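Chain by chain, the residues run as shown.
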Amino acid sequence: MSNIERFTEHLRTSGVSGVSESTILAYASDVRAFEEFSAHKGALVDESTVVSFLKECGDNGNSRETIRRKISALRRFFSWFDLRGHPNPMRNICSPRRQAPKPRSTSIETVGKILLAMSGTTLSGLRDRAMVCLAAVDGLSSREVTQLDRENVDDAGEVVFVKGRHSRSVVLGAWTKKAMSEYLDFAAELFGPGPNDPLFLNKHKRRISDRSFRRRLSLAVSRCELDPSINCRALRNTCAFGIVNRNGYSALKRKFGYMSKGSANMYRPTVPQCKEAQ
């Protein structure tokens, strides 16, 4: 029986927690790949050999998570091997940090399909279209959209003053300005006399809730037969990717009212994203 077979048998019989059969097979494959690498190089099994092996894995396109698994496999293997009187080359090898997943976003074509699904001359259609534009084109969260009051829109309909934790002034894109103008013209006679009245109204002439907005968006996505995971946050992320692609992180911070460097790094451009219409 080879060392790898004895190692996998040890994992199965020692009661090691968190190691499934598929993980054991993956570990065996990783250790076997390292064994073939070191034999091909004719090198001693030491720390430098492990580093060379991991570097080659990275050069071959292995993801960070795959390399983390290989390190875990080798660490377990050599910890077991160390008990048999052999030196452990993994003592000073550290796993790379987990890579934060890219925020979910969508494309300009998908945003266009959603807006078409929300087109219409009714209060709900014009309202939903304006709300989606604020999220996808101008980066407002669903809560920020639904908490807007009439006084938060300037007289020219070109700037929105966002309330809340990250208060800021947002210059609206062309799509949003058109959608807002159509909605405000239609709803003018429905608004109450006070400037603090809600901007977006439901059928009862009250403030539409965050939950209702998200549900309306979900229905539009379903009608278009799009990915059901597309939500307001995905639309907002689409806006963020577009801003970073065009103007960099400083523009993203100004648009969103906040953004640490670590958070902004999530929006490093990877694929073409929605561009804000100007």
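What you see is a predicted model, and the numbers here were worked out from it, not measured in a lab. (Residues numbered from 1 in each chain as written. Predicted model: local features only at pLDDT ≥ 70, side-chain atom pairs only at ≥ 80, totals over all residues. Heavy atoms only, no water.)

**Student:** Describe helix α9 (residues 210–223), listing the residues and the values that go with them.
**Tutor:** The first and last C-alpha atoms of α9 sit 20 Å apart over 14 residues, in line with the 20 Å expected at 1.5 Å per residue. For α9, every residue scored as buried is listed here: S212, F213, L217, A220 and V221. Summarising the contacts, the buried residues of α9 are in contact with α5 (108–117), α6 (123–136), α7 (142–146) and α10 (232–247). Directly after α9, the chain includes E225, whose backbone phi takes a positive value near 55 degrees. (Helix = DSSP H or I, 4+ residues; strand = E, 2+ residues; numbered from the N terminus. Expected span 1.5 Å × (residues − 1). Buried < 20%, exposed > 50% of the residue type's maximum accessible area, 1.4 Å probe, protein only. Contact = heavy atoms within 4.5 Å.)

**Student:** Let's hear about the packing of aromatic side chains: which residues, and what values?
**Tutor:** In this structure the tally under the stated criterion is 8 aromatic pairs. Centroid distance F7 to F77: 5.2 Å. Interplanar angle 90 degrees. Geometry classified as edge-to-face. Of this pair, F7 sits in helix α1 (residues 3–13) while F77 sits in helix α4 (residues 64–82), and the two are 70 residues apart along the sequence. The two residues F7 and F77 agree in class, both being buried. With a relative accessible area of 0%, F7 lands in the buried category. Feature note: the residues F7, F34, F37, F53, F77, F78 and W80 constitute an aromatic cluster, connected by ring pairs. (Phe/Tyr/Trp six-rings, centres within 6.5 Å; stacked < 30°, edge-to-face > 60°.)

**Student:** Which residues make up the pattern of salt bridges, and what values do they have?
**Tutor:** Here the structure, examined in full by the defined rule, presents 12 salt bridges. We note a salt bridge from E144 to R168, for which the minimum N-O separation is 3.0 Å. Of the two residues, E144 is situated in helix α7 and R168 in strand β2 (residues 168–171); the sequence distance between them amounts to 24 residues. Given the relative accessible area of 12%, E144 is considered buried. Taking the shortest distance from any N to any O, the salt bridge between D149 and K163 comes out at 2.8 Å. Here K163 lies in the loop between β1 (159–162) and β2 and D149 lies in the loop between α7 and β1, a separation of 14 residues in the sequence. (Salt bridge = Lys/Arg side-chain N within 4 Å of Asp/Glu carboxyl O.)

**Student:** Summarise the pairing of β1; cite the residues concerned and give the values.
**Tutor:** Here β1 pairs with β2 via 4 bridges, running antiparallel. Residue V162 lies in a different strand from β2, and its bridge partner there is R168. (Pairing = 2+ DSSP bridges.)

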